[in-house]
Amino acid sequence: MKILVTGFEPFGGERLNPSQAAIDRLPARLGGLRIATQLLPAAYAPSLGLLRAAIAREDPDIVLCTGEAGSRIDLTPERVAINVQDARIRDNEGDQPIDVAVVPGGPAAYFTTLPIKAAVHAMREAGLPASVSNSAGTFVCNHVFYGLMHYAAMRKARFRGGFMHLPYLPEQAANHPKAPSMALDCIVRGIEIVLTVSAETGADLVAAEGETA
Ligand code: PCA
């Protein structure tokens, strides 16, 4: 099985992004899985074109996009992507869309097609704090997640897709007193677990139903 994992460049004044650091550390092989990675700009306009090019290049069975969510206290696979861009800050190209659709006329939302409950369970079993998130926000991460799932739906693509938000790295949290963080080793291990579980397991029921609806 072939897997594509994406991460983002630093944004919002940070020098690091845990998702970039994590994809740099992922092995090329994990058991029977082959892992390809793609770094995405933290900007609305160029991000989806690069994601689609990476999917065309790699022809993956599974796509897991990852990104930073600085206030998160644990590893959070996302349940749903929504058709909204509503930016609290400017992206890395200076854009700040407010209440704009990702895809005008597109469905309001897409569910992940990865088994997020099983993935959370497996991460916890491995001693990693994790929980399902019901909002990927309305910034570039949600934009990429929605674009990924819309692309899959429009193309009737064979890959399954999802998104996981990651806490700050400790080096980042040191500049934000009291902010939570997670060591890179734990973040990388969490991503590996999500990939392994996703390769072994179908989507959760609601996501599977949502996909065919
Ligand atoms: N996190 C941002 C965009 C890039 C990233 O890593 C987000 O949550 O939208």
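Here, every reference points to the structure presented above.
Residues numbered from 1 in each chain as written. Predicted model: local features only at pLDDT ≥ 70, side-chain atom pairs only at ≥ 80, totals over all residues. Heavy atoms only, no water.

1. A word on unusual backbone geometry
Not every positive phi belongs to a glycine, and Lys 156 is a case in point at roughly 45°. Residue position: Lys 156 is located in the loop between helix H4 (140–155) and strand E8 (160–166). (Helix = DSSP H or I, 4+ residues; strand = E, 2+ residues; numbered from the N terminus.)

2. Digging into the packing of aromatic side chains
Inspection of the entire model under this criterion finds 5 aromatic pairs. Ring geometry for Tyr 44 and Phe 139: centres 5.7 Å apart, planes at 90°, overall edge-to-face. With Tyr 44 in helix H2 (residues 44–58) and Phe 139 in the loop between helix H3 (116–125) and H4, this pair connects stretches of sequence that are 95 residues apart. Assigned by exposure class, Tyr 44 and Phe 139 land together as buried. (Phe/Tyr/Trp six-rings, centres within 6.5 Å; stacked < 30°, edge-to-face > 60°. Buried < 20%, exposed > 50% of the residue type's maximum accessible area, 1.4 Å probe, protein only.)

3. Looking at the site of the ligand
What surrounds the ligand is the set Phe 8, Phe 11, Asn 17, Gly 67, Glu 68, Phe 139, Val 140, Cys 141 and His 165. The contact in question runs from an oxygen atom of the ligand to an N or O atom on the backbone of Cys 141, over 2.8 Å. Taken by itself the ligand offers 260 Å² of open surface, and the protein chains cover 94% of this. Breaking the shell around the ligand down by element, the ones donating at least two residues are strand E4 (62–68) and H4. (Near = heavy atom within 4 Å. Polar contact = N/O pair within 3.5 Å; in protein donor to acceptor, adjacent residues only side chain to side chain. Areas by Shrake-Rupley, 256 points an atom, 1.4 Å probe, with all protein chains shown as cover.)

That's the geometry; what it means functionally is another story.
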